[in-house]
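Each chain, letter by letter, is given below.
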Amino acid sequence: MRWIAKFVGIPQGLAQLEARSRAAYERDFMALSGEQRLELITELDREALAHAQQQARKQPTPAEALTIETQTAQNQTAENQSSQEHVESEDTLPHYFTMMKQLTLFGFFTSEVGATEVLRYEAVPGRYDGCAPYNGEPAWAT
């Protein structure tokens, strides 16, 4: 359910991006100059990083989480566990800019241009020698 909430936040994030652009520059984001866009995006990236760091401080370590989960399971009855629905607050979700940035990077690096011109892409990795000499010994130790 958490991943759905991440994607649902993107339209609101785009609206917030437009609103911040209008508040700072009195123009839509796409009407800004490259320098203005970079400035706004850099500010959002700093904000998203601060949000992620704040979330990291709030989350327990894996050992603490296991202890808390075990204690919670012991304290609740089976019917309470099945009927209880975990609702996540906006504080537990990543910043909207983080998801937009991740999806943009994913889209670029999985595109033809990103995969072939930026990344070191090999359509068939490794080399195949079909006519390698065979000396009669087993290929695998068995």
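Everything numeric in this text was worked out from a predicted model, so none of it was measured. (Residues numbered from 1 in each chain as written. Predicted model: local features only at pLDDT ≥ 70, side-chain atom pairs only at ≥ 80, totals over all residues. Heavy atoms only, no water.)

**As for the packing of aromatic side chains**
- The tally for this structure, following the rule as stated, stands at 1 aromatic pair.
- Pairing phenylalanine 108 with phenylalanine 109 gives two aromatic rings, centres 5.0 Å apart and planes at 75°, and the pair type is edge-to-face.
- Phenylalanine 108 sits in the partly exposed class, given a relative accessible area of 35%.
- The ring centre of phenylalanine 29 lies 5.7 Å from the NZ or CZ of arginine 37, which sits over that ring. (Phe/Tyr/Trp six-rings, centres within 6.5 Å; stacked < 30°, edge-to-face > 60°. Buried < 20%, exposed > 50% of the residue type's maximum accessible area, 1.4 Å probe, protein only. Lys NZ or Arg CZ within 6 Å of the ring centre and 35° of its normal.)

**Focus on the environment of alanine 115**
- Examined against the element boundaries, alanine 115 turns out to sit in helix α6 (residues 112–118).
- Among residues more than four places away in sequence, those in contact with alanine 115 are Phe108, Phe109 and Tyr121. (Helix = DSSP H or I, 4+ residues; strand = E, 2+ residues; numbered from the N terminus. Contact = heavy atoms within 4.5 Å.)

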